Amino acid sequence: MKKVLYPAIILALTSVFTGCLSTETVTVERVETKEVIDLSGYWNDADVNIVCEDLVSKCLSAQWYKIFQMYNSKRNPVIIVGKFKNNSDEHIDTTIISKKMEIALLDSGKVDSVANDSERSQVRQERNDQQSYSSVDSAKRLGYEQAADYMLSGEIKTIIDSNGEVTTRTYYISAELINIETNRKIWAGENSSIKKKITHPKLTF
């Protein structure tokens, strides 16, 4: 037997659902990109900029760079930026860290960089296509890729402390520079300056 919803019941249900909908509108405010805004206490864009600038500065001012210049005065060291592992307790897109590192290295003017593994496949495909479809004088030669001297990689970890009402989140971001030919680590650095204290609102019933 089919159940019939009478108009009065339908009207009552409609009123309930309508009452649950907010009448407030969404507001958007543009802010300066360098302005530090912490909303949740989790990793954000300001943290990325602070950490990358600090680690790149430490890397390029370390002893390895002076030694390289001593024996290779005619060129910059070539660094490829590898992966940064996320070993924290939250979701962090570490590709942003890798790209920020690469940009900071190139902007310094002290090092050169080459394409990473995913970028190389696209470039190689283009170069291979040129062998068949481009003119002889414009096609780029095979076997002339610039090899990297070093690889920069790292990881991010977090330490959490909480008493239920207050939580502290400390981020440890480490980076290391590895000689690609010998696997020798020639530099390692860490940034642990990102520490946040989050006070949780008390629940009232």
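Residues numbered from 1 in each chain as written. Predicted model: local features only at pLDDT ≥ 70, side-chain atom pairs only at ≥ 80, totals over all residues. Heavy atoms only, no water.

*Asks:* Account for the sheet that holds strand β5 (residues 185–199), with residues named and values stated.
*Replies:* One open sheet accounts for five strands, arranged β2-β1-β3-β4-β5; its pairing is mixed. Strand pairing shows two members of the sheet lacking a second neighbour, β2 (112–113) and β5, which therefore form its edges. Taken together, the 12 bridges between strand β4 (residues 166–179) and β5 define a ladder with antiparallel strand orientation. Of the residues in β5, the one forming a bridge with Leu-177 is Trp-187. (Pairing = 2+ DSSP bridges. Helix = DSSP H or I, 4+ residues; strand = E, 2+ residues; numbered from the N terminus.)

*Asks:* Could you give an account of the nonpolar core, with specific residues and numbers?
*Replies:* Ranked by size, the top nonpolar core spans 30 residues in total, and within it Trp-43, Trp-64, Met-101 and Leu-177 carry the most contacts. For this core, the secondary-structure elements that each account for two or more residues are α2 (45–60), α3 (63–71), β1 (78–87), α4 (94–108), β3 (150–162), β4 and β5. Here this core gets seven residues from one element, more than from any other, and that element is α2. Excluding anything up to four places from it in sequence, Trp-64 contacts Cys-59, Pro-77, Ile-79, Tyr-150, Leu-177, Ile-186 and Trp-187. (Core = buried A, V, L, I, M, F, W, Y, C linked by side-chain atoms within 4.5 Å. Buried < 20%, exposed > 50% of the residue type's maximum accessible area, 1.4 Å probe, protein only. Contact = heavy atoms within 4.5 Å.)

*Asks:* Tell me about the environment of Glu-35, and name the residues and values.
*Replies:* Among the secondary structure elements, Glu-35 is positioned in the loop between α1 (7–20) and α2. Residue class for Glu-35 comes out partly exposed when judged on its relative accessible area of 41%. In this structure, the C-alpha to C-alpha distance between Glu-35 and Asp-45, residues 10 residues apart in sequence, is 9.9 Å.

*Asks:* Explain the pattern of salt bridges to me, using residue names and the numbers behind them.
*Replies:* Applying the stated rule across the entire model yields 11 salt bridges. Close ionic contact of Asp-47 with Lys-196 constitutes a salt bridge, the shortest N to O distance being 2.7 Å. Of this pair, Asp-47 sits in helix α2 while Lys-196 sits in strand β5, and the two are 149 residues apart along the sequence. As far as burial versus exposure is concerned, Asp-47 and Lys-196 are alike and both buried. Residues participating in the shared-partner salt-bridge network are Asp-89, Glu-90 and Arg-169. (Salt bridge = Lys/Arg side-chain N within 4 Å of Asp/Glu carboxyl O.)

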